[in-house]
Amino acid sequence: MMGGSGIDERLRCHYREERARWDEGAEPDWRAAVARAAVAESKRAADEAFAGDPLVRIRAFARFVLGQVRFICRRVWAAQLALVVAMVALCATTEQLLPGVAAQRTALLFSVLGCASVAVGLPDLMASRANGTEELEYACRFDCRAVMLARMILLGASEVLAMTLAVLVAPAVADTDAFALLLHACAPYFLSCLGCLALARRVGSNAALPAMLAWTVLVMAAALGLYQVADAAYEAASAGAWAFVAVAAAALALREARRWLDQAAEGLDRLVAAKPLP
């Protein structure tokens, strides 16, 4: 039978070995095993949440989208409201000062509104790239791709709401057709979205945002140039042409959005690197 002094010596040896292992930065085996098990369990729970009931995934993503509202700068909502107020005021002024061409001028104003609505949301859409947080977002449960989609949903919804509100109010202060105004706003809006999404996918680093803003200005200038060259294009008879442009641009913009999200799914290097034009 071992005496008390022998037990004391073995305990001292054991504690010296443990202290040496901690000093060398080596964790005990059981701690490493617990850490690995915790990581595996967390991954398993996340996988089950996304691979299970589709309604669970939809509810989880819906909560995530709503949570992204607090990360959208308040100036975006203020700017959208200011655009609506400005459009209504300009429509009323145009009706009083230029009654003969009020309908065409109002249609031109709504074309500019469509481009401006896109422009005010671009900084927040590209906030991750501007702030260099894309790599961090890739490590989250809802990764960078989910953040991009959530922001597109939120900003798109606010822009459509602002344009719809302006379209509904404008006929009350100006002699114009609401449906025609909607078409004249949607065509430049979707053209702006199309170009901006294509540039976001093809232009790398911090050059994307200036290029996207420049594209919206170019679409505005094209709308103004069309009015100067052929103001008849803004008359009610041209509604079919505007509807065709709006539908075609919307379809192409959706395709570009899907391609941008697919590019984000390929990883950080593909997302931030410039992609040459086909």
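Rules used in this analysis
- Numbers given for residues are sequential positions, taken from 1 along each chain in its written order.
- Only residues with pLDDT of at least 70 get local features here, since the model is predicted, and only at 80 or more are side-chain atom pairs given and counted; chain-wide, interface and lining totals rely on the full set of residues.
- Hydrogens and water molecules were not included; the side-chain quantities draw on all heavy atoms of the structure.
- What we call a nonpolar core is a set of buried Ala, Val, Leu, Ile, Met, Phe, Trp, Tyr and Cys residues that are connected through their side-chain atoms within 4.5 Å.
- Each residue is assigned to one of three classes by its accessible area relative to the maximum for its type, calculated with a 1.4 Å probe on protein chains only: buried under 20%, partly exposed between the two thresholds, exposed over 50%.
- The numbering of helices and of strands both runs from the N terminus, where a helix is a DSSP run of H or I of at least 4 residues and a strand a run of E of at least 2.
- Between the N-to-C directions of two axes lies an angle of 0 to 180 degrees, each axis being a line fitted to C-alpha atoms and, for a helix, fitted only over the stretch in contact.
- Under this scheme an angle from 65 to 115 degrees is roughly perpendicular, one under 35 degrees roughly parallel, and one over 145 degrees roughly antiparallel; angles in between are oblique.
- Two helices cross in a left-handed way if the nearer one is turned anticlockwise from the farther one by less than a right angle. They cross in a right-handed way if the turn is clockwise.
- Residues are treated as being in contact if the distance between any of their heavy atoms lies within 4.5 Å.
- Each helix should span, by expectation, one fewer than its residue count multiplied by 1.5 Å.
- The arc in question is formed by the directions pointing from the helix axis toward the C-beta atoms.

**Brief notes about the nonpolar core**
- If you look at the biggest cluster of nonpolar residues, it comprises 48 residues, and the most contacted ones within it are Phe-110, Leu-113, Leu-125, Met-126, Met-152, Met-212 and Trp-260.
- Of all the secondary structure elements, the ones that give two or more residues to this core are helix H3 (54-67), helix H4 (74-97), helix H5 (102-125), helix H8 (144-173), helix H9 (178-202), helix H10 (208-229) and helix H11 (239-265).
- At 13 residues, the largest contribution of residues to this core is made by H8.
- Counting 11 residues, the second-largest nonpolar core is a separate cluster that includes Leu-108, Leu-183, Tyr-227 and Ala-233.

**Let's talk about the packing of H3 against H8**
- Where H3 contacts H8, the two axes come as close as 9 Å, and the packing angle between them is 65°. Of the possible angle classes, the one that applies to H3 and H8 is roughly perpendicular. In this structure, H3 crosses over H8, and the sense of that crossing is right-handed. In this structure, H3 contributes Phe-61, Phe-64 and Val-65 to the contact, and H8 contributes Ala-146, Val-147, Leu-149, Ala-150, Ile-153 and Leu-154.

**Considering H3**
- For H3, which comprises 14 residues, the first-to-last C-alpha distance of 20 Å matches the rise-based estimate of 20 Å (1.5 Å per residue) to within 8%.
- All of the buried residues in H3 are Ala-60, Phe-64, Val-65 and Gly-67. Buried residues along H3 cover an arc of 160° about the axis, so they all sit on one side. Exposed and oriented more than 90 degrees from the buried face of H3 are Ile-58 and Leu-66.

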